[in-house]
Amino acid sequence: MKNLSFKARLLASSMALLSVLGATQAIAQDQSSVEADTAEVATITVVGTRNDAMRTQMRSDNAVSVMSAEDLEHTAVHNVAEALALLPGISVQNTGNSFFGGVDGASRGEGMFVGVRGMNSEFTLALINGVNAAQGMPYSRQVQLSLLPPSGLKTIVVNKNSTADMDGDAIGGTIDFVTPSAFSMADDYASLSVSGRVESRARDYDEDGLGGGVSGEIARRFGQNDQFGLYVSAFYDKRNFANSMIAGLMAAQNDGGWAYLHSATNSAAGVNPDGMDQEANLALTSLNVGVSTGYTERFGGNFSLDWRADDSLDVYLRGSYAFAETQQNSTLNQFIQNRARVLNAATGLYDLNLTNSSVRVWYTTNPEDADLSTLTFGAVKRYGAWTLSPSLFYSYGGNDRPDHIEASMRNNQSDRYNNGSTLPYSGLFAGYDTDGYPIPLLTPAQQNLVNNSGTALLARRAGQRTEQFSNQQKVGARFDAQYDFDGGALSYVKTGVKYVESHRRVSSHDWTNDHFANLLGRAGVTWDELGLVEGYFDSAYPGLYNIRAPKVNHDRLVELFNQYFDAAAAAADLCYLNCNTLKGDENVAAAYVTGKWDMGAVEVIPGLRYEHTQIENTYWNNDVSAKRFESNSTEYNEWLPSLFVNYRPTSDAVYRASITRAYMRPALVQLGGSETTERGDNSITVTRGNPDLETLKSWNFDTSAEWSNAFGGYAMVGGYYKQLSDYMYDNGSTTVNGGANGGGTQYNGETFDRVTIVSPTNGGDGYVKGIEIQLYQAFDMLPGWLSGFGAGANYTRQWTEVDIGGGEKHRMQNAPDELANVKLNYAWRNLTLDLNWNYSGETITAYNRVAGLDYWTRPTRRTDLHAGYAFDNGVMLDLSVSNLFEDYSYWAHVGRNSLALSDVVNSGRTTLLTLKYDF
């Protein structure tokens, strides 16, 4: 009843405010019919060209970046996430958390998540036609934008800051993906596109690397006076890939595959001597290298049904759906060396000298079924000076890992029947070429084992399988009311309420079978005799390593796992069934009021928003004295003031300044993750979520200046500063900023000498500050064919610092220091050419990991080419080449200045040929 009464009070307060405003204006003036563009939420405006995008940016009340339909059509990218990287201040990540983390996610070779102005993608709110996109990722608030192709969308609007009528949980920004209606397109419009593609890295492996797709759209108006409009689009595409992986950082993290070259002690990893550069002293002692193959198959579409009942009433129904199935299978050769040391009498230090080698092959899969859908039903009613906009909406998002499986083989396999042995080795393990790639110093015996792994190595376990399912549903309603003034400084007053219910469900089941030798009752079992090897890749990494990698028969591995899977034991294992189950319900109620004063060239837009959040989490307690589901609850109340001031001295210039308040709620797993315990000598350590976490809050200060000219020119210079408090970050697990933050002597009715609680905690303060520059000029003023040229660039430089806890300062996670794009385009008669260069600077991806050092990524560069020709009969032919020069797509390493421990992905070049017919 408490929640219901709050919602009633919220609605009543907003309606009372609306009534007061209405009564005041009824006295002040007659109710004349005034239409305001800002309230026309039923009319989707398609931003068709770059000039339209620039004009939209300048007219906006807040700072926005707009990607037009023309921009989307002239990109050479895999998906919408990568297309957004062409806008200023937008960073794209090809890894996330859970099964998207690190080199596993990056080896798919495409961008997946989007951040705005230095903030991680969790700080970015994603909308589709104004509807909150469900966040289907299992352990975060991210939305996987790689679901969406660059077709079927006509406009993307990135809001760099939020007005009061926008959701407040968007510290980074809000991205709204806009699909058209029949009233925003030519009547009786239809198009059909077919495409073919090839991936160059797959061809390097002698895989086909082929793919393609088909898409279409149709717009029709019908009924009396064409009052009804229907728009429908659909797409299907498939991408086959084979990308190269080097996983030195992974080996260092998972297998202890690192050490100090020189150590103060005679220990395996060693202790860095005082005064010695720690990063320069790192050495790689193990390495994973191989190939990730698979495909991504996507389909979906959008629709819009509009009814313009009369001049005062618009009714609409809009929906979107996107589904992607990915099968990703990775085969990695692994070399793991035993770390040993010898005393250097001259220095008194213990120098690294590796002995004995375990040669292995590891096969792991990363399948995914992901979908995202939205549906909204609403209306816009104009009554005199009022504009009323009610709507109902729904969104569903899912990210499932339905059948992950992995298995391995090694020369030193030990079980009840085998007592494998390692190979002798002496010296260091890796050198580096001029580009920084690690080159393993393999002995002939190591090369022989890995090149003939199917018969030379011993089979390990009969597979490990993980089934993970995650989804979120959102349902809600909003009501906005705007009153427009006829004359006077006050232009309009707007108020509204919004309510969203979200339901999150996550489950994960993991099971490992026994060793093959134990199951078969004999020694010497190999993958070859089990039917798991069906040939070899001639090179694990073409152009760099001359060792082979086996091609694994995936279906046979699944068959063997199922053959030996103990279903009865799994069904009796409560942890297998429940440990990784999370249920969370999140209800957000909001109300706001804002207005706009026009004082000649000056606009002032103050606003105030209030958001109340109620979260209920259910999780599993795995302690031996519990074995049950438990729950907790969290409540947040946020007041979010905002003030925007725009100065428009001419129609070709605008100067902006704003102050806004924003926040981000913790991920549900941080509030109510599964509870585990470790019992000691009359003591217990409890690891669990923390329902008392604070929201991360930010004061945002923005200023910018924008200019345009009559010849298709546009310039923008801006600066921003975000003052953060109660910082939180993502490290891919529950215990973010984890530490002992509570305790006592009682737990689950038992008494201990000491109870230690380990759970996520908030960090301290931080900041993000940066500058943005955007320039574009079309050369329409030049004569003849020269008028087809255009050139543009954008550049973002940003500085970040956050307290991750206890006063420990770092750069912000996943925040590039620099972002840049350079664009050259040409359009003359029927021909279009576009050349884009994209740069994303270095980032920190994780804190205090191997050797206590942060994980960093190297800057990435990508050059894309697009060429198109429009025939006179409605046929268009487009050629797009992404990553023209085959630059690496991902390079992570330990420490800012060392490449000794690195993960690298080379995904090659993608070429796409598209034939489109408009009719």
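Criteria and thresholds
Residues numbered from 1 in each chain as written. Predicted model: local features only at pLDDT ≥ 70, side-chain atom pairs only at ≥ 80, totals over all residues. Heavy atoms only, no water. Helix = DSSP H or I, 4+ residues; strand = E, 2+ residues; numbered from the N terminus. Rg over C-alpha atoms; globule rule 2.2 N^0.38 Å. Buried < 20%, exposed > 50% of the residue type's maximum accessible area, 1.4 Å probe, protein only. Contact = heavy atoms within 4.5 Å. Areas by Shrake-Rupley, 256 points an atom, 1.4 Å probe, with all protein chains shown as cover. Polar contact = N/O pair within 3.5 Å; in protein donor to acceptor, adjacent residues only side chain to side chain. Salt bridge = Lys/Arg side-chain N within 4 Å of Asp/Glu carboxyl O. Phe/Tyr/Trp six-rings, centres within 6.5 Å; stacked < 30°, edge-to-face > 60°. Pairing = 2+ DSSP bridges. pLDDT = per-residue confidence, 0-100. Core = buried A, V, L, I, M, F, W, Y, C linked by side-chain atoms within 4.5 Å. Disulfide = S-S within 2.5 Å.

Let us now look at the overall build of the protein. Regarding its fold elements, the protein presents 15 helices and 50 strands. By the compact-globule yardstick of 29 Å for 919 residues, the protein fits well, its C-alpha radius of gyration being 29 Å. Counting only C-alpha atoms and orienting by the principal axes, one finds that the protein spans roughly 95 × 75 × 60 Å. Evaluated residue by residue, the protein yields a buried proportion of 58% over its 919 residues. Long-range contacts, defined as pairs at least 24 residues apart, comprise 73% of the intrachain contacts of the protein with a sequence gap of at least 6. Carbon and sulfur atoms make up 54% of the accessible area of the protein, which amounts to about 34500 Å² in all.

Moving on: the side chain of N622. Residue position: N622 is located in the loop between strand 30 (602-621) and strand 31 (628-650). A distance of 3.3 Å separates the side chain of N622 from the side chain of W620, its partner in a polar contact. Leaving out residues up to four positions away in the same chain, N622 has contacts with C575, C579, K627 and E675.

Every buried residue belonging to helix 7 (residues 248-255) is among G248, L249, M250, A251 and A252, and all of these are buried. Positive backbone phi, at 65°, marks G256, one or two positions downstream of helix 7.

With that out of the way, let us pick up the environment of W258. With respect to the secondary-structure elements, W258 resides in strand 11 (residues 258-260). When the C-alpha positions of W258 and V588 are compared, they lie 47 Å apart, and in sequence the two are 330 residues distant.

Turning our attention to the environment of T911. Checked against the element boundaries, T911 lands in strand 50 (residues 910-918). When the C-alpha positions of T911 and S882 are compared, they lie 6.4 Å apart, and in sequence the two are 29 residues distant. Once residues within four sequence positions are removed from consideration, T911 is found in contact with G196, R197, V198, L879, S880 and V881.

Let us now look at the pattern of salt bridges. Counted by the stated rule, this structure contains 40 salt bridges. The salt bridge partner of R478 is D480, with a shortest N-O separation of 2.8 Å. Notably, a salt bridge pairs R656 with E706, separated by 2.7 Å at the nearest N-O pair. Remark: E706 occurs in strand 35 (residues 696-709) and R656 occurs in strand 32 (residues 653-664); sequence separation between them is 50 residues. You'll find R656 and E706 in the same group, each marked buried. Salt bridges sharing common partners tie together R141, D167, D169, K498, E586, R609, E611 and R665.

Remark: the centre distance and the inter-plane angle together describe each pair of aromatic rings, the angle taken between the planes. For the structure on display, the rule yields 28 aromatic pairs. Aromatic pair W511 and Y576: ring centres 5.5 Å apart, planes at 85°, arrangement edge-to-face. You can see W511 sitting in strand 26 (residues 490-512) and its partner Y576 sitting in helix 14 (residues 574-578), a full 65 residues away along the chain. Grouping residues by exposure puts W511 and Y576 together as buried. Ring centres 4.6 Å apart and planes at 55° place the aromatic pair F789 and Y826 in the tilted group. Here F789 is found in strand 40 (residues 789-803), whereas its partner Y826 is found in strand 42 (residues 818-828), with 37 residues between them in sequence. On the basis of relative accessible area, F789 is assigned to the partly exposed category, the value being 37%. The class of Y826 is buried, set by a relative accessible area of 12%. Aromatic ring contacts, followed pair by pair, group Y437, Y541, Y545, Y888 and W891 into a single cluster.

The subject of this paragraph is the sheet that holds strand 17 (residues 349-352). Taken in spatial order, the three strands line up as 12-17-16 in an open sheet, and their pairing is antiparallel. Looking at which strands have only one partner, the edges of the open sheet turn out to be strand 12 (262-263) and strand 16 (341-344). As defined by bridge partners, strand 16 adjoins strand 17 across four bridges and the pair is classed as antiparallel. When the sheet's bridge partners are listed, N344 is paired in strand 17 with L349.

Of all residues in the protein, 93% attain a pLDDT of 70 or more, and the chain-wide mean is 91. Taken together, the stretch residues 1-44 has pLDDT below 50 and engages in 79 contacts with residues farther than four places along the chain or on a different chain. Low pLDDT (under 50) marks residues 731-735, which in the prediction has 13 contacts with non-local residues, meaning those over four places away or in another chain.

This brings us to the nonpolar core. Membership of the largest hydrophobic core comes to 78 residues, with the highest contact counts inside it found for W527 and L901. Counting residues per element, this core draws most heavily on strand 18 (residues 354-365), at five residues. Counting 29 residues, the second largest nonpolar core, distinct from the first, contains A81, L86, F177 and F235.

Moving on to the environment of H404. Looking at where H404 falls in the secondary structure, it is placed in strand 20 (residues 386-410). Taking relative accessible area as the criterion, H404 reaches 3% and is therefore assigned buried. Along the primary structure H404 and Q464 are separated by 60 residues, whereas in three dimensions their C-alpha atoms are 8.1 Å apart. If near-sequence neighbours (up to four positions away) are discounted, H404 is found in contact with T364, T365, P367, Q464, R465 and T466. Side-chain polar atoms of H404 contact the side chain of E406, separated by 2.7 Å.

Unlike most non-glycine residues, N129 shows phi in positive territory, near 55°. Its place among the elements puts N129 in the loop between strand 4 (124-128) and strand 5 (131-132). The buried category is assigned to N129, whose relative accessible area is 15%. Residue N225 is not a glycine yet carries a positive backbone phi of 60°. If you trace the backbone, N225 turns up in the loop between strand 9 (210-222) and strand 10 (228-247). A residue is classified by how much of its surface remains accessible, and N225, at 73% relative accessible area, is exposed.

Moving on to the state of the cysteines. Taken as a whole and judged by the stated rule, the model has one disulfide. There is a disulfide in this structure between C575 and C579, and the S-S distance comes to 1.9 Å. Looking along the S-S bond of the C575-C579 disulfide, the torsion reads about -115°, which is the left-handed sense. Accessibility expressed as a relative area gives 27% for C575, which makes it partly exposed. For C579, a relative accessible area of 8% puts it in the buried group.

For strand 7 (residues 173-178), the tally of buried residues reaches six of six residues, placing the bulk of the element in the interior. Taking every second residue as pointing to the same face, both faces of strand 7 are buried, with G173, I175 and F177 on one and T174, D176 and V178 on the other. With five bridges connecting them, strand 4 and strand 7 associate as parallel partners. Its bridge partner being in strand 7, I128 is matched across the sheet by F177. Pairing geometry for strand 6 (residues 155-159) and strand 7, over five bridges, is antiparallel. Among the inter-strand pairings, V157 is bridged to a residue of strand 7, identified as D176.

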